[in-house]
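# Geometric and topological summary
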Amino acid sequence: MPQAGEYRNQLEATGFVCHSDLHSDICVANEETRFDTKALAMYLPSSRRMPQVRRTIQPYARKEDETAMKLVTPAKILRGNIAPPSCNYNYDVPAVLFSSGGFTGNLFHEFNEVIIPLFITCHHFKSQLRFIVTDFKPWFVKKYDRILSHLSRYEVINPASNGSTVHCFPGAVVGLTYHDNLAMNSTHLPEGSSMHEFKQFLRESYNLNLKHAAQIKRPVLVLISRRKTRVFLNEAEMVGMMEELGFQVVGATPKRMSNLDEFSNVVNSCNVMVGAHGAGLTNALFLPEGAVMVQVVPLGLNWASNVYFGEPSHEMGVQYLEYKIEPKESSLFELYGPDHPVVADPASIFSKGYQAARAMYVDGQNVKINTLRFRETLNEALRLLGHSTRPS
């Protein structure tokens, strides 16, 4: 892969450069660009000395996933032998074009493929840019208004809102830079940015008061309460055990979590988060530094639990514990019995393909926690926070 200096040299020489990797495509122009909202086409100025450009980009950072990309409309970038259309609107700041399609509607994917890549791509513009959002979803722009308005001081452009118009900018970025699951590589960013700076950005965007878990004097636990799959079947018993250990327990239902402006502050007031593997654990981004995330790992989901939340937790500034359920704690045990491959050999189910495994382990099981065994994990969380523990 070319180094950053090579990209800069190409951008200075030709006014245009692109980078592609497994997850995303991103193109940058540092000269006048004209965006046609109807054609979803970005026109670059023609020049005999510049190479022609005919490029199509799906501006969403999960291009390795065919299912996600079916929900992302391509945008075109064109230069050469085409007369750019006349401008209807002129701006003095560059544009950043991205899609709110793909897997938005799922909190993990919203942060993983849009919000964190937006921060990586845009924060160094210091709010001097204008967003063009394709596959425009009004609920998405409303939900993340605090983030979008902190990254840009200008109104978002919805290409589908006003027919065929041409918006002209002094430069443009098409697509977003992606590094890893809920993570960023600080060595590839200007000013040494990292997840530490991203969490500070979240605190500023959502007016979160607590930076470190030590500011919370007693153990306060937010329990992610699922309603459809990977449900805690004995949630009331779990809450009773948590309260016996001295935790103040805050329940987090899907409805409560849907208001991110309010729920981010709820999470920020807690020093422990407990939840089964799933998108709700993405809210750990709002935990104060040094807090503890406890991930309950259902049957068959060891790999996903580690890759999507376990590994990123350190960079998120939280301490991480996991509770791997025993087969008897899964609803699949009662349904299939201990010797069925679904219970005894999950790898054999995954060998049939992701959809078969997803139907079984992601969408098809609930969990009944052994509260005596889980008590040990929560005592460890108390130790990590420096609080006294209760005997099992």
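Presented here is an overview of the structure given in this document.

How each quantity is defined
- Residues numbered from 1 in each chain as written.
- Predicted model: local features only at pLDDT ≥ 70, side-chain atom pairs only at ≥ 80, totals over all residues.
- Heavy atoms only, no water.
- Phe/Tyr/Trp six-rings, centres within 6.5 Å; stacked < 30°, edge-to-face > 60°.
- Helix = DSSP H or I, 4+ residues; strand = E, 2+ residues; numbered from the N terminus.
- Axes fitted to C-alpha atoms, helices over the stretch in contact; angles between N-to-C directions.
- Parallel < 35°, antiparallel > 145°, perpendicular 65-115°, else oblique.
- Contact = heavy atoms within 4.5 Å.
- Nonpolar A, V, L, I, M, F, W, Y, C, P; charged D, E, K, R; others polar.
- Pairing = 2+ DSSP bridges.
- Core = buried A, V, L, I, M, F, W, Y, C linked by side-chain atoms within 4.5 Å.
- Buried < 20%, exposed > 50% of the residue type's maximum accessible area, 1.4 Å probe, protein only.

This part covers the packing of aromatic side chains. Taken as a whole and assessed by the stated rule, the structure comprises 15 aromatic pairs. Residues Phe 108 and Tyr 308 carry aromatic rings whose centres are separated by 5.3 Å and whose planes lie at 65 degrees to one another, so their mutual orientation is edge-to-face. With Phe 108 in helix H3 (residues 107-122) and Tyr 308 in helix H10 (residues 302-310), the pair connects residues that are 200 residues apart, well separated along the chain. Taken together, the ring pairs connect Phe 111, Trp 139, Phe 140, Tyr 144, Tyr 206 and Phe 286 into an aromatic cluster.

This part covers the packing of H3 against helix H6 (residues 195-206). Two elements in contact, H3 and H6, have axes whose closest approach is 11 Å; the angle formed by their N-to-C orientations is 95 degrees. By the angle between their axes, H3 is roughly perpendicular relative to H6. For the pair formed by H3 and H6, the contact residues are Phe 111, Ile 115, Ile 116 and Phe 119 on the first element and Met 195, Glu 197, Phe 198, Phe 201 and Leu 202 on the second. Its residues assigned to classes, the contact of H3 with H6 comprises eight nonpolar, no polar and one charged.

Right, let's talk about the sheet that holds strand E14 (residues 272-276) for a bit. With respect to topology, five strands assemble into an open sheet ordered E13-E12-E14-E15-E16, the strand pairing being parallel. The open sheet is flanked by strand E13 (248-252) and strand E16 (319-324), the only strands paired with a single partner. Pairwise comparison of adjacent strand axes, ignoring direction, gives a mean angle of 20 degrees for this sheet. As paired elements, strand E12 (residues 220-224) and E13 share five bridges and run parallel to each other. The residue bridging Leu 221 from the neighbouring strand is Val 249, located in E13.

Attention now moves to the nonpolar core. Within the largest apolar cluster, 97 residues are counted, with the highest numbers of intra-cluster contacts made by Phe 111, Phe 131, Phe 198, Val 274 and Phe 374. Looking at this core element by element, the count peaks at ten residues for H3. Apart from residues no more than four positions distant in its own chain, Val 274 is found in contact with Leu 221, Val 222, Leu 223, Ile 224, Met 242, Val 294, Val 296, Phe 374 and Leu 378. Counting residues in hydrophobic clusters, the runner-up holds 19 residues, among them Cys 18, Leu 40, Ile 57 and Leu 97.

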